[in-house]
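If you want the building blocks of each chain, they are given just below.
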Amino acid sequence: MSNYKSELVGVLGFPVAENPTIVMQEAAFKDLGLNWRYLTVEVRPEQLAQAIRGVRAFNMQGINLTIPHKIAVMEHLDDIAPDAALIGAVNTVRREGDKLIGENTDGKGFIESLKEASVDPVGKTAVILGAGGAARAIAVEMALAGAKNLIVVNRSQERGMELVDLMNSKTNAKAEFISWNGAYRIPGETDILVNATSIGLYPDTTSLPDIDYEGLSASTLVCDVIPNPPETIFLKEARKRGCKTLNGLGMLVYQGTIGFKMWTGTEASPDVMKEALARAFNV
Ligand code: NDP
């Protein structure tokens, strides 16, 4: 008998049209011959509760959440994974029987991408620029993965302090907050520097995080979370100083492979996803 029924996953966001996740997830379904579809769905904030009821009614296998739903979705789910609860946001929902479970794969994706640079967070000192959703996910997962010192540099003191207090009270990492006003000098002993702000994101691609680039040490691995464009001028400036760099595509791809595994139970090929994204971004 033929089976015409596709399994459904997707992303809910507002706006959502520029979200490229469909490209990599559908490439991975095709690669594995899975009859799965990834839907890019525009959901207004006031209709999120109904949309989640729709996810249940359509028996969807899972869903990604993007701006502005990552926090708001939590009250509509049946359970939240411990690290997502610490981060305080959900970017991936998976199904366990009739239950919808909230997960956060952003930080896990970042940690996985570090492996490409052969870097293990254990015992490391990291400087994180930013204290928003991406920064929180990265800081929590770095701390859970054994990072020793985390320095959070943020413009808004309230957000920065909240993240540092969370790290110091709920993880074994030692965290410090630096108020970001003027060019920040990265401490020489920094192993990993991450731009987890939206500075440099398309279309504002000429903006550069305000740090003292001359003071960058060549032994620091410099990472950017910005996926579009993958080659930010932040990374170019770091390479001029001899630093190894890691762009935001790795984080995007690996948070996707982790979600893919949660939904399908099968490993996706990161290379297939990367190639699909590279074609989409024309790089
Ligand atoms: P948020 O809005 O939650 O946080 C933005 C952060 O950037 C805040 O810390 C904010 O500081 C800071 N910031 C923004 N503009 C400036 C500025 N001009 N000067 C100083 N600080 C600034 O966004 P997200 O954390 O959700 O997203 C951040 C970036 O991460 C985006 O570019 C997004 O595309 C990327 N991302 C990448 C992923 C990937 O897989 N590669 C996954 C998720 C996100 P303040 O608190 O002071 O406002």
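Residues numbered from 1 in each chain as written. Predicted model: local features only at pLDDT ≥ 70, side-chain atom pairs only at ≥ 80, totals over all residues. Heavy atoms only, no water.

A. Broad picture of the UniProt feature "active site" (unreviewed entry) in the protein chain. Those places that UniProt annotates as "active site" (unreviewed entry) correspond, in this numbering, to Lys 70. Considering the arrangement of structural elements, one finds Lys 70 in the loop between strand 3 (62–65) and strand 4 (79–80). For Lys 70, a relative accessible area of 26% puts it in the partly exposed group. Contact partners of Lys 70, with chain neighbours within four places excluded, come to Leu 65, Ala 89, Val 90, Asn 91 and Asp 106. (UniProt positions renumbered as here; feature names shortened; annotations may be inferred. Helix = DSSP H or I, 4+ residues; strand = E, 2+ residues; numbered from the N terminus. Buried < 20%, exposed > 50% of the residue type's maximum accessible area, 1.4 Å probe, protein only. Contact = heavy atoms within 4.5 Å.)

B. The UniProt feature "binding site: NADP(+)" (unreviewed entry) in the protein chain, seen in detail. According to UniProt, the "binding site: NADP(+)" (unreviewed entry) feature falls on Gly 130, Ala 131, Gly 132, Gly 133, Ala 134, Val 225 and Gly 248. In this structure, Gly 132 sits in the loop between strand 7 (125–129) and helix 5 (133–144). With respect to the helices, strands and loops of the structure, Gly 133 is situated in helix 5.

C. The arrangement of the environment of Thr 206 in detail. Examined against the element boundaries, Thr 206 turns out to sit in the loop between strand 10 (192–195) and strand 11 (221–224). Under the relative-accessibility criterion, Thr 206 is labelled exposed at 66%. Spatially, the C-alpha atom of Thr 206 lies 9.3 Å from that of Phe 234, the residues being 28 residues apart in sequence.

D. How the structure looks around the site of the ligand. Inspection of the region around the ligand gives 21 residues, with Ala 134, Asn 154, Arg 155, Ser 156 and Val 225 positioned closest. The separation between an oxygen atom of the ligand and a polar main-chain atom of Gly 133 is 3.0 Å. Here the shell around the ligand gets 3 residues from one element, more than from any other, and that element is helix 8 (residues 248–264). Looking at the shell around the ligand, its residues break down into 10 nonpolar, 8 polar and 3 charged. (Near = heavy atom within 4 Å. Polar contact = N/O pair within 3.5 Å; in protein donor to acceptor, adjacent residues only side chain to side chain. Nonpolar A, V, L, I, M, F, W, Y, C, P; charged D, E, K, R; others polar.)

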